[in-house]
Amino acid sequence: MSQQSDYPVSERSKLRHAAELANSALLTRRHIDSKILFTTINWKDLISDQLESNPDLAQLKQTTALLDNDKKIIDVINELIKTIDRQRDQQQTISKSMADKNKYIKSLEAQIQALTRDQITKEKLINEQQAEINTLNLRINSLTNHNKLQAQDLKQMKNWSSDIEKKYQVHMNKKTETINDLKKRLTTRVRNIPSSIEYGTNKYSDSMIFNNIPSIQNTTGIVINNPNLMRIQTSLEDEANELSNNLTVVLDSLGRENYKLTKLIQSTREYFEQVNDSILELQQSNVRLIPVH
C-alpha cells in the first residue's frame, strides 16, 4: 500500500506505537498467540500471498479513512486492555479482601469455639460448685439441727450436772458428817485411854510393877495394875487405825468423784466447742464457694 496520505508522519508514528503496545499487552497476557495485523501498518504482510496473482494490491493508497479506522480499532483494543487490567486489579483486591475476610471469619470461629469450650468448662465448674454448695447447705442445716439437739442435750446435761452437784453436795455433807462423827469417836476413844502406861522394871515403885506388868496412873491418882491392859491398848489402837483408814478411803473416794465430775463437764464443753467451730467453718466455706455473677 502506498504511504501517500493526508496523515502527518507523527500521527502515523503514534499509530504504529499504539499498535505495538496493544500487541505486546495482548501477547504478554496470552490473549492472542500472534500479533494483530492492521491494514495501514501491516499491509505488505497482509497481501504477501496475493501479490503474484494481483500485483495492483501493492499500489493501494493509505487513505485517511483507513488510518482513522485502524486508529479506532487500536484505541478500542488499548481501552479494553486497560479495562481488563482494572477489572483484574479489582478482582485481585476483591479476592484479597475476601481472603482477609475469610481469614478473619475463621479467626472469629476459632475464638467462638474457644469461648464455647471455656463457657462449657465454666458452666461445669459452676454446676459442680453449686452441687457442692447444696451439699454444704444440707450439711449445715443438718449440723444446725444437730446443734439445736446438742444444745437441748447440753441444757439437759447442765440440769443433770446441777442435780449431780446438788446430790454431790448432799453426799459431801453426809461424808463430812461421817468424818466429823469419826473424828468425834476417835477423839472420845483417845480421851478414854489412860493418861500414862508404864512397864515395870526389876525394881519396885508406886507406879511400876515387876516383870513388865503395866501400871496405869489415871487422873484420879489411882494406880491400876491389869495384865490385860496391853490387849485393851492394842484394841484401841487398831480401832483408831481402822477409823483413820476409813477416813482416808472416804477422802480418796470424794477426790476421785470430784475429778470424774470435773473431767465430764470439761469434756462436754470441749465437745460442743468443736461442734460450733465445725459449723462456723462450714458456713465460711459456703460463703467462699458462692459464685460471683
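In the block above lies the structure referred to throughout.
Keep in mind the model is a prediction, meaning the values are calculated, not measured. (Residues numbered from 1 in each chain as written. Predicted model: local features only at pLDDT ≥ 70, side-chain atom pairs only at ≥ 80, totals over all residues. Heavy atoms only, no water.)

Draft legend 1. Region of interest: the overall build of the protein chain. The number of helices and strands found in the protein chain is 4 helices and 3 strands. Of all 293 residues assigned to the protein chain, the portion counted as buried reaches 18%. For the protein chain, restricting intrachain contacts to residue pairs at least 6 apart in sequence, the fraction spanning at least 24 positions comes to 62%. Surface exposure of the protein chain reaches about 22200 Å², of which carbon and sulfur atoms provide 53%. (Helix = DSSP H or I, 4+ residues; strand = E, 2+ residues; numbered from the N terminus. Buried < 20%, exposed > 50% of the residue type's maximum accessible area, 1.4 Å probe, protein only. Contact = heavy atoms within 4.5 Å. Areas by Shrake-Rupley, 256 points an atom, 1.4 Å probe, with all protein chains shown as cover.)

Draft legend 2. Region of the structure containing a nonpolar patch on the surface. Residues Y104, L108 and I112 make up a contiguous nonpolar surface patch of roughly 310 Å² in combined accessible area. Along the polypeptide, Y104 turns up in helix α3 (residues 64-192). (Patch = residues over 30% accessible without salt bridge, like charges linked within 9 Å, V, L, I, M, F, W, Y side chains within 5 Å. Salt bridge = Lys/Arg side-chain N within 4 Å of Asp/Glu carboxyl O.)

Draft legend 3. View of the nonpolar core. Membership of the largest hydrophobic core is limited to 12 residues, which are L15, A18, A19, A22, A25, L26, I32, F38, L67, I74, I77 and I81. Mapped onto this core, the elements with two or more residues apiece are α1 (9-28) and α3. The dominant element in this core, judged by the number of residues it contributes, is α1, at 6 residues. Among all residues touching F38, those that are not within four sequence positions of it are A19, N23, W43, L46, D70, I73, I74 and I77. (Core = buried A, V, L, I, M, F, W, Y, C linked by side-chain atoms within 4.5 Å.)

Draft legend 4. How the structure looks around a negative patch on the surface. Taken together, the side chains of E270, E273, D277 and E281 define an acidic patch exposed on the protein surface. Considering the arrangement of structural elements, one finds D277 in helix α4 (residues 229-289). Owing to a relative accessible area of 52%, D277 belongs among the exposed residues under this scheme. (Lys, Arg positive; Asp, Glu negative; His and termini not counted. Charge placed at Lys NZ, Arg CZ, Asp CG, Glu CD.)

Draft legend 5. Quick look at α1. For α1, with 20 residues, the first-to-last C-alpha span of 28 Å sits near the 28 Å given by 1.5 Å per residue. Looking only at α1, the buried set comprises R12, L15, A18, A19, A22, N23, A25 and L26. Looking straight down α1, one finds that the buried residues subtend no more than 165 degrees of arc, so they occupy a single side. The outward face of α1, more than 90 degrees from its buried face, is lined by the exposed residues V9, K14 and T28. Phi turns positive one or two residues past the end of α1, at R30, with a value near 60 degrees. (Expected span 1.5 Å × (residues − 1). Arc of directions from axis to C-beta.)

Draft legend 6. Just the layout of surface pockets, in detail. Here the largest pocket defines a volume of roughly 220 Å³. If you trace the largest pocket, you find it lined by L154, M157, K158, W160, S161, E165, L264, I265, T268, R269, F272 and E273. For the lining of the largest pocket, the elements supplying multiple residues, two or more each, are α3 and α4. A breakdown of the residues in the lining of the largest pocket according to their chemical character gives 6 nonpolar, 2 polar and 4 charged. (1 Å grid on protein atoms, 1.4 Å probe; cavity = no way out; pocket = protein on both sides within 12 Å on 5 of 7 lines; lining within 4 Å. Points joined across faces, edges and corners; volume = space filled by probe spheres on them. Nonpolar A, V, L, I, M, F, W, Y, C, P; charged D, E, K, R; others polar.)

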